Amino acid sequence: MGPPNKALLNFKERKIQCLDRARNNEEDLQRRQQLLNHLSCLQADGQLAAGTCEIVTLDRDSSQPRRTIARQTARCACKRGQIAGTTRARPACVDARIIKTKQWCDMLPCLEGEGCDLLINRSGWTCTQPGGRIKTTTVS
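What you see is a predicted model, and the numbers here were worked out from it, not measured in a lab.

Conventions and cut-offs
For every chain, the first residue of the written sequence is number 1, and numbering continues from 1 along that sequence. This being a predicted model, a pLDDT of at least 70 is required before a residue's local features are given, and a value of 80 or more before pairs of side-chain atoms are given or counted; all residues contribute to the totals for chains, interfaces and linings. By convention in this description, side-chain values take in all heavy atoms of the structure and omit both hydrogens and water. Salt-bridge detection follows one rule: a side-chain nitrogen of Lys or Arg within 4 Å of a carboxyl oxygen of Asp or Glu. The numbering of helices and of strands both runs from the N terminus, where a helix is a DSSP run of H or I of at least 4 residues and a strand a run of E of at least 2. When DSSP finds two or more bridges between a pair of strands, those strands are recorded as paired. Each axis is a line fitted through C-alpha atoms, and for a helix only the stretch in contact is used; angles between axes span 0 to 180 degrees, taken between their N-to-C directions. Defined by distance alone, a disulfide is two cysteine sulfur atoms within 2.5 Å. Buried, partly exposed and exposed residues are distinguished by accessible area as a fraction of the type maximum, computed with a 1.4 Å probe on protein chains only: under 20%, between the cut-offs, and over 50%, respectively.

What am I meant to see in the pattern of salt bridges here?
Two side chains bearing opposite charge may form a pair once their charged atoms approach each other closely. Tallied over the entire structure, the rule returns three salt bridges. Of the charged contacts in the structure, one is a salt bridge between Asp106 and Arg97, with a shortest N-O distance of 4.0 Å. Between Lys135 and Glu114 there is a salt bridge; the shortest N-O distance is 3.0 Å. One end of the pair, Lys135, is in strand β7 (residues 134-138); the other, Glu114, is in the loop between α2 (96-101) and β5 (115-118), with 21 residues separating them in the sequence.

Encoded structure:
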């Protein structure tokens, strides 16, 4: 094989730059969508619309190897018969019966494709990803 074709290298560089721009645009679009979702939950006076939630604080601790501890606080404006919970790994208003009976997996707290299991003492649940990674959530 001879030396690399300069036109081919330029094409590959342009392709990489184009993919980088597309990736950045996709991330920007996701951020804008999250902001719009957040703003659509707020009424003109700053109050949450009925049946919606927002994350107020999110703290992550990755000081331990192979383990990340995350704590989040959410603010919800739930309708009658509902209470703050988790659906698809996001804060949501769920049926109050689920919380009272500690049947956490009935909230569908895990992402699509993950399996949900109750902890033995019903203090929370685990979400198991297809690759075997386990996320444990405890309720306080």
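Help me understand the sheet that holds β5, please; the structure alone is not making it clear to me.
Pairing between the strands of a sheet comes from backbone hydrogen bonds, and it takes one of two forms, parallel or antiparallel. Across the sheet, which stays open at both edges, the three strands sit in the order β5-β6-β7 with antiparallel pairing between neighbours. The open sheet has two free edges, formed respectively by β5 and β7, since each of these has just one partner strand. Here the strands of the sheet are splayed against their neighbours by 20° on average, with no regard to which way each runs.

In this structure, what is going on with the state of the cysteines? I would like to understand it.
Throughout this description, disulfide means a covalent bond between two cysteine sulfur atoms. Across all of its chains, the model carries four disulfides by this definition. One disulfide in the model links Cys78 with Cys93; its S-S distance is 2.3 Å. Here the disulfide of Cys78 and Cys93 is left-handed, its torsion about the S-S bond being about -85°. Taken as a pair, Cys78 in the loop between β2 (69-77) and β3 (82-87) and Cys93 in strand β4 (residues 90-95) lie far apart in primary sequence, 15 residues in all.

Just checking my understanding: could you explain unusual backbone geometry for this structure?
When glycine is set aside, most residues are seen to have a negative phi, and most peptide bonds are trans. Positive phi outside glycine occurs at Lys102, with the angle close to 60°. Here Lys102 lies in the loop between α2 and β5. Of the residues examined, Lys102 reaches a relative accessible area of 40% and is grouped as partly exposed.

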